[in-house]
Amino acid sequence: MVDVSEAVKGDSKVPICPSIPSGEQAVWANASSLLHLACNDLRDGELIYGENFNLFAAMSALEIMDPKMDSGMVRTYYSVDEAIEYGAAPIPLSLDKTVDVQRIIDIMDHLLACEATWHKGCSLAQTVFSCLYLLRPDRTSSHALLHSYCRVMRATCNAVVCTVSDTRTNEEEDLFTMTHGLPLKVDGDDKCLTMLHAVEETIARQLRACKATLSKKRVTEDIEPLQNNPDLEEGLCKSLLCQLRFRKHFYHVVMNIKRPQGRGLELAKKHIACCFEELDSMIKSADFLRSISAPEDGMKNETTASGCQPVGFDSTLNSRLSAPTPPRAIETISWKKAVEYFQKLLHELEIICSYNLDPVFEGLLRFVVEFQKLRPELVARAHLQHLLVQDGKLYGRDSVFSVICKASLLPEVAKNHDIQKIEPVVQLGQLLITLLRVLCTNISWQRRKLGKILQDWRIIHVQLELAFRKECGDISATSSNENICMKICRHILIWVEEQTYWIASRFLMLGFELDLYSPGEYCMVYWYMYIILIKLAEKTHMRAMTSNDISKKKGKKKRDLVKEGGKDYQLPPAILFLQCHVYLAEGLTMMLAALRNERQMYVSTGPFNTEHERFVQHFELLLKACLPDHVSYYSFVETTAHAHLSNAAMYNCFKGAQRIAKELRSSFSNDPDKMAELRRIEQVAEHNSVALGLISRLGAVDASLKVQFEFSHHPFFATAVVKRS
């Protein structure tokens, strides 16, 4: 590293610049010769260091003359007016009507690609509103086709911005809702469909006239053709119609899907089906558009179906005029990928529209979790949250307290009890709304938020218990003559505990989806999952018992009730379903621990963090929330220290999961999601049973035997694969 003070001593010809006043401890000088000397002396990887210039200062410096960071470097025009003056956005687009129509279709295609790029998290200013025609709405009024399309485009963007802003699901994509003073709302845009419909009808009549002429039928009305080339009339009319109709139906989708209390879901679903049809028509028309155009050679990212560069766009204008916009250039996704994006988005919106607005909270959670497996797009997640939470109510119709009462298996009369007015119950309702909002975010953001709200759920349980004792007296004892207040208190407390452990289990399982665990850490993760799932099964069972007024059996621990279910009485299918997960987590824990103890495989070691430190890093939020009590790294070590491959209990864990999964098929025959999960459980249990038997028989005599864990059958529970190296 070069020391500035030494370089200064070797260069006595550095003149002091008199134009900049010196301070008490600083003298301004021309550093050109100093920098020249330093450049000659520096090797790769070295940095100039001075008392007032270090790595942090270098990283914080503003870069100029770099196209990625300096917004003024790559620029064609310095203002919208200048771009228009130089003919960047002509009206009409060409004096040749055929070329005019082709260029309009290219603009529509490019706007579709820009819209998809915006939905992916880029700024509106650099994507959709890179279109000069959208930035100057008054200029397109003389061109009915372009004007109507621009109007509905603005109205659609505005509707999407409003939905995402209201739900705040944009997370890291914080640029999504920034409009930067763009003309997103223009007078008359609320009537965009009227103008679009008129233009669509005109083109439809032109298409009918064209077909009649080709079939030598008599034309009943005198219609001016769309353009001058009769051979291209039908193809261009069809291309325009599918573009206009897609835009019309998509606008109906985003407007109807957010109507209060899900009243517009059925209508939105019909428009989604129409959108799919129009997208298919757009794909079919792509070959025709390419055949009549002259695509530009060397285009890396074709944003139009024809392959031609669209006119009227400049993505660099707004990056300079709008301060919040990042200066670096963005890459618009291709037209083909944009179509694929909208097909995926429409499929996700269709699933939302098909949801039956389940009033049972458990069913709602299952739907959201299954929906998140699709890795839904931001816009779809925003509409889902808007459907679930409206005006502080579930679906905009059910009060939060009534949802809690139903989830706690309380009678219908409980939802009108005055206990809902006490502060901790109100706070519980707010926590429930927060949970629903968190579950609609992307999975990385969701996991962080779930970890943080765990402590809130533990605290609210304590606050509720104190408040209920103050209101109703001793709520721990059960009696045949307990009043409704005591019943509400007991049910809600049990449900809050159950919900807390569900959040903890979701937190741990999302770690697998995000690939946060290394193979050497699987053992501790499955051990903690086993503990959490045991507690979740206990609380779920307790809630069912409380609702049926069945007292706990004396002399048997709660854990034994779950683990030894079936010996004394039949557990409900929901509990047995959780028991399958418990068995898999326990079996994998002991299998991984045995491999580590006997064969030194999957040992959690590294040059930086000890196993204890990794344990704390992964489960810090759970440990802070005391989930469960008295759990620590040392209890994990104590549990797994004596695990051996010959342990019969470990083998029976997988067998137990497989047996219960088969027995539960009849109970969930009408639930496709549960049936699919049971099949996955059976596959994991069967493969791991076989692998465990193979390792137990050959592991001691065959040192070449290698064991790998893959997630080929289940996203959270690994499958052991035994190979010879």
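Residues numbered from 1 in each chain as written. Predicted model: local features only at pLDDT ≥ 70, side-chain atom pairs only at ≥ 80, totals over all residues. Heavy atoms only, no water.

1. Some points on the overall build of the protein
Line of reasoning, step 1. When helices and strands are counted, the protein shows 25 helices and six strands.
Line of reasoning, step 2. In the protein, which comprises 725 residues, the share counted as buried stands at 51%.
Line of reasoning, step 3. Sequence separation of at least 24 residues holds for 74% of the intrachain contacts in the protein that already meet a minimum separation of 6.
Line of reasoning, step 4. Summing over all exposed atoms, the protein offers an accessible surface of approximately 35,300 Å²; the carbon and sulfur share of this is 52%. (Helix = DSSP H or I, 4+ residues; strand = E, 2+ residues; numbered from the N terminus. Buried < 20%, exposed > 50% of the residue type's maximum accessible area, 1.4 Å probe, protein only. Contact = heavy atoms within 4.5 Å. Areas by Shrake-Rupley, 256 points an atom, 1.4 Å probe, with all protein chains shown as cover.)

2. Let's talk about the nonpolar core
Line of reasoning, step 1. The biggest cluster of nonpolar side chains holds 217 residues, and the ones touching the most others in it are Val128, Phe361, Trp457, Ile492, Met529 and Phe709.
Line of reasoning, step 2. Leave out the neighbours within four places in its chain, and phenylalanine 709 touches Tyr522, Leu588, Met591, Leu592, Leu595, Tyr602, Ala718, Thr719 and Ala720. (Core = buried A, V, L, I, M, F, W, Y, C linked by side-chain atoms within 4.5 Å.)

3. As for the environment of lysine 185
Line of reasoning, step 1. Mapped onto the secondary structure, lysine 185 falls in the loop between α7 (144-167) and α8 (192-214).
Line of reasoning, step 2. The exposed category is assigned to lysine 185, whose relative accessible area is 65%.
Line of reasoning, step 3. As for lysine 185 and alanine 155, which are separated by 30 residues in sequence, their C-alpha atoms are 7.2 Å apart.

4. Some points on the side chain of arginine 506
Line of reasoning, step 1. Mapping arginine 506 onto the fold places it in helix α18 (residues 484-513).
Line of reasoning, step 2. Buried and unpaired, arginine 506 has glutamate 513 as its nearest opposite-charge partner, separated by 4.3 Å.
Line of reasoning, step 3. Excluding residues that lie within four positions of it along the chain, arginine 506 makes contacts with Val369, Gln372, Gln446, Leu450 and Glu513. (Lys, Arg positive; Asp, Glu negative; His and termini not counted. Salt bridge = Lys/Arg side-chain N within 4 Å of Asp/Glu carboxyl O.)

5. Points about the packing of aromatic side chains
Line of reasoning, step 1. For the structure on display, the rule yields 27 aromatic pairs.
Line of reasoning, step 2. Between the aromatic rings of phenylalanine 615 and phenylalanine 619, the centroid separation amounts to 4.9 Å while the plane-to-plane angle is 75°, which identifies the pairing as edge-to-face. In this pair, phenylalanine 615 and phenylalanine 619 are both assigned in helix α22 (residues 611-624), four residues apart and thus about one turn of the helix distant.
Line of reasoning, step 3. For phenylalanine 615, a relative accessible area of 0% puts it in the buried group.
Line of reasoning, step 4. Residues phenylalanine 615 and phenylalanine 636 carry aromatic rings whose centres are separated by 5.9 Å and whose planes lie at 25° to one another, so their mutual orientation is stacked. In this pair, phenylalanine 615 is assigned in helix α22 and phenylalanine 636 in helix α23 (residues 633-640), connecting sequence segments 21 residues apart. Grouping residues by exposure puts phenylalanine 615 and phenylalanine 636 together as buried.
Line of reasoning, step 5. Note that arginine 447 overlies the ring of phenylalanine 507, its terminal NZ or CZ placed 4.0 Å from the centroid.
Line of reasoning, step 6. Geometry around phenylalanine 577 places lysine 674 over its ring, the cationic atom sitting 4.8 Å from the centre. (Phe/Tyr/Trp six-rings, centres within 6.5 Å; stacked < 30°, edge-to-face > 60°. Lys NZ or Arg CZ within 6 Å of the ring centre and 35° of its normal.)

6. Quick notes on the pattern of salt bridges
Side chains that differ in charge, positive against negative, can pair when their charged atoms come close.
Line of reasoning, step 1. Enumeration according to the criterion identifies 30 salt bridges in this entry.
Line of reasoning, step 2. With a shortest N-O distance of 3.2 Å, arginine 469 and glutamate 465 are connected by a salt bridge. Within this pair, arginine 469 and its partner glutamate 465 are both found in helix α17 (residues 443-472), separated by four residues, close to a single helical turn.
Line of reasoning, step 3. Given a relative accessible area of 41%, arginine 469 falls into the partly exposed group.
Line of reasoning, step 4. Since its relative accessible area comes to 25%, glutamate 465 is described here as partly exposed.

7. Overview of the packing of helix α21 (residues 573-599) against helix α25 (residues 672-698)
What describes two packed helices is the angle between their axes and the distance between those same axes.
Line of reasoning, step 1. At a closest axis distance of 11 Å, the pairing of α21 and α25 adopts a crossing angle of 25°. As judged from the angle between their axes, α21 and α25 are roughly parallel. Relative to α25, the crossing made by α21 is left-handed. The segment α21 lies against α25, with Phe577, Cys580, His581, Leu584, Leu588, Met591 and Leu595 engaging Lys674, Glu677, Leu678, Ile681, Val684, Ala685, Asn688, Ala691, Leu692 and Ile695.
Line of reasoning, step 2. Residues of the contact of α21 with α25, tallied by class, amount to 13 nonpolar, two polar and two charged. (Axes fitted to C-alpha atoms, helices over the stretch in contact; angles between N-to-C directions. Parallel < 35°, antiparallel > 145°, perpendicular 65-115°, else oblique. Left-handed = near helix turned anticlockwise from the far one by under 90°. Nonpolar A, V, L, I, M, F, W, Y, C, P; charged D, E, K, R; others polar.)

8. Notes on the packing of α17 against α18
Line of reasoning, step 1. Orientation of α17 relative to α18, taken along the N-to-C sense of each, is 165°, at an axis distance of 9 Å. The angle between the axes of α17 and α18 places the two elements in the roughly antiparallel class. The way α17 lies across α18 gives a crossing that is left-handed.

9. A look at the environment of lysine 706
Line of reasoning, step 1. As for its position among the elements, lysine 706 is in strand β5 (residues 705-710).
Line of reasoning, step 2. In this structure, the C-alpha to C-alpha distance between lysine 706 and valine 721, residues 15 residues apart in sequence, is 8.2 Å.
Line of reasoning, step 3. Here lysine 706 is in contact with Met601, Val721, Val722, Lys723 and Ser725, once residues within four sequence places are set aside.

10. Focus: unusual backbone geometry
Line of reasoning, step 1. Put simply, isoleucine 91 and proline 92 share a cis peptide bond, and its omega is -5°.
Line of reasoning, step 2. Relative to the helices and strands, proline 92 is located in the loop between α4 (80-85) and α5 (97-119).
Line of reasoning, step 3. Cis rather than trans, the peptide bond between leucine 627 and proline 628 has omega equal to -20°.
Line of reasoning, step 4. In this structure, leucine 409 is a non-glycine residue whose phi angle is positive, near 60°.
Line of reasoning, step 5. Even without glycine at this site, cysteine 626 takes up a positive phi of about 55°.
Line of reasoning, step 6. Topologically, cysteine 626 is positioned in the loop between α22 and α23.
Line of reasoning, step 7. What makes cysteine 626 partly exposed here is its relative accessible area of 37%.

11. Focus on helix α12 (residues 335-354)
Line of reasoning, step 1. Between its first and last C-alpha atoms α12 spans 29 Å; for 20 residues at 1.5 Å apiece the expected length is 28 Å, and the two agree.
Line of reasoning, step 2. Each element contacted by the buried residues of α12 is listed here: α5, α9 (230-256), α10 (265-292), α13 (361-372) and α14 (378-388). (Expected span 1.5 Å × (residues − 1).)

12. Some details on the side chain of histidine 383
Line of reasoning, step 1. When you line up the elements, histidine 383 lands in helix α14.
Line of reasoning, step 2. Contact partners of histidine 383, with chain neighbours within four places excluded, come to Thr163, Val254, Ile257, Lys258 and Leu349.

13. Remarks on the confidence of the model for the protein
Line of reasoning, step 1. Of all residues in the protein, 84% have pLDDT values of 70 or greater, and the mean over the chain is 85.
Line of reasoning, step 2. Mean pLDDT per element in the protein: helix α1 (residues 4-9) is the minimum at 44, and α12 is the maximum at 96.
Line of reasoning, step 3. Segment residues 1-18: pLDDT under 50, and 28 contacts once partners within four positions in sequence are set aside and those in other chains are kept.
Line of reasoning, step 4. The low-confidence segment residues 550-556, where pLDDT is below 50, has nine contacts with residues more than four positions distant or belonging to other chains. (pLDDT = per-residue confidence, 0-100.)

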